[in-house]
Amino acid sequence: MPNMIFVNLPVADLGAAKAFYSALGFGLNEQFSDERTASFVVSDAIVVMVMAQDRFREFTEQPGVADPRTAREVINAFGVESRDDVDRLIDAGLGAGGTLSGKTEDHGFMYGRGIDDPDGHHLEFVWMDPSAVAGG
């Protein structure tokens, strides 16, 4: 198996989460989805798993699930191909129940914006000028 990252997120409303992540253009993998879990392929190496809270609890011995509306448990940042892709993804997420979160970061060579999904999980979409990355 290649090196992969599985981002597992507990959600209160699986239907709303599926609509949100589908609107971002993440591909639903039916093989690893069921009535309590939806698997979204972001890239060859990244998969976002949204799970009903009771399903999520099966993967941890911790008694509770963090509430991302009151405390930031993680920031999931995704690199994209262009500034336009950043704006397109944010707009798609807003149209599917997301909430704009944080400030737009525009440093010329880097551009990013953040959004919270319907459960409050924070995502950022970031573009970096390839020549700036290559130059260190």
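As a reminder, the structure under discussion sits directly above these lines.
In this report, the structure presented in the accompanying data block is examined. Just so we're clear, the structure is a prediction, and the values are computed from it rather than from any experiment. Residue positions are given per chain, counted from 1 along the sequence in the order it is written. In keeping with the predicted nature of the model, local features appear solely for residues at pLDDT of at least 70, side-chain atom pairs appear and are counted solely at 80 or more, and the whole-chain, interface and lining totals rest on all residues. Each side-chain value is derived from all of the structure's non-hydrogen atoms; neither hydrogens nor water enter the calculation.

## A few points about the nonpolar core
Thinking step 1. Buried residues of nine kinds, namely Ala, Val, Leu, Ile, Met, Phe, Trp, Tyr and Cys, make up a nonpolar core once their side-chain atoms join them within 4.5 Å. Relative accessibility thresholds used throughout: buried, under 20% of the residue-type maximum; exposed, over 50%; partly exposed, between the two (1.4 Å probe, protein chains only). Among the nonpolar cores identified, the biggest contains 24 residues, and Tyr21, Leu24, Val48, Val50, Leu123 and Phe125 are the most heavily contacted of them.
Thinking step 2. Secondary structure is summarised from DSSP: a helix means a run of H or I of at least four residues, a strand means a run of E of at least two, and numbering begins at the N terminus for each. At the level of secondary structure, the elements contributing two or more residues to this core comprise strand E1 (5-11), helix H1 (14-23), strand E3 (37-41), strand E4 (46-52), helix H3 (83-95), strand E8 (110-116) and strand E9 (122-128).
Thinking step 3. Top contributing element to this core by residue count: H1, with four residues.
Thinking step 4. Every residue pair with non-hydrogen atoms within 4.5 Å of one another is taken to be in contact. Among all residues touching Tyr21, those that are not within four sequence positions of it are Leu9, Phe26, Phe40, Val48, Val50, Asp117, His121 and Leu123.

## Describing the pairing of E3
Thinking step 1. By the criterion of burial, E3 is predominantly enclosed, with four of the five residues buried.
Thinking step 2. As paired strands, strand E2 (residues 27-29) and E3 are joined by three bridges and run antiparallel to one another. Residue pairing across strands places Gly27 opposite Val41, the latter belonging to E3.
Thinking step 3. Strand pairing is defined by DSSP finding a minimum of two bridges between the two strands. As judged from the five bridges shared by E3 and E4, these two strands associate in the antiparallel manner. Across the sheet, the residue bridging to Val41 is Val47, located in E4.

## Points about the layout of surface pockets
Thinking step 1. Its volume calculated, the largest pocket comes out at about 190 Å³.
Thinking step 2. Here a cavity denotes a set of grid points, spaced 1 Å apart and computed over the protein atoms alone, in which a 1.4 Å probe fits but from which it cannot get out, and a pocket denotes an open set meeting protein on both sides within 12 Å along at least five of seven lines; residues with an atom within 4 Å of a point are reported as lining. Taken together, 16 residues line the largest pocket, and the ones lying closest to its centre are Phe26, Val42, Gly79, Val80 and Leu89.
Thinking step 3. Where the lining of the largest pocket is concerned, the elements lending two or more residues are strand E5 (75-79) and H3.
Thinking step 4. Here the lining of the largest pocket takes three residues from H3, the largest share from any one element.
Thinking step 5. Gly falls in the polar group here, along with every residue not listed as nonpolar (Ala, Val, Leu, Ile, Met, Phe, Trp, Tyr, Cys, Pro) or charged (Asp, Glu, Lys, Arg). When the residues that make up the lining of the largest pocket are grouped by side-chain class, the tally is nine nonpolar, four polar and three charged. Grid points are joined across faces, edges and corners, and a volume is the space filled by probe spheres set on the points.

## Observations regarding a nonpolar patch on the surface
Thinking step 1. Each patch is assembled from residues with relative accessible area greater than 30% and no salt bridge, linking like charges that lie within 9 Å and nonpolar side chains (Val, Leu, Ile, Met, Phe, Trp, Tyr) that lie within 5 Å. Residue burial considers only the protein chains on display, and all accessible areas are found by Shrake-Rupley using a 1.4 Å probe. Should a side-chain nitrogen of Lys or Arg be within 4 Å of a carboxyl oxygen of Asp or Glu, the pair is scored as a salt bridge. Among the surface-exposed residues, Phe109, Met128 and Val133 lie close enough to one another that they form a single nonpolar patch of about 260 Å² accessible area.
Thinking step 2. For Phe109, the position within the fold is in the loop between strand E7 (105-106) and E8.
Thinking step 3. Owing to a relative accessible area of 39%, Phe109 belongs among the partly exposed residues under this scheme.

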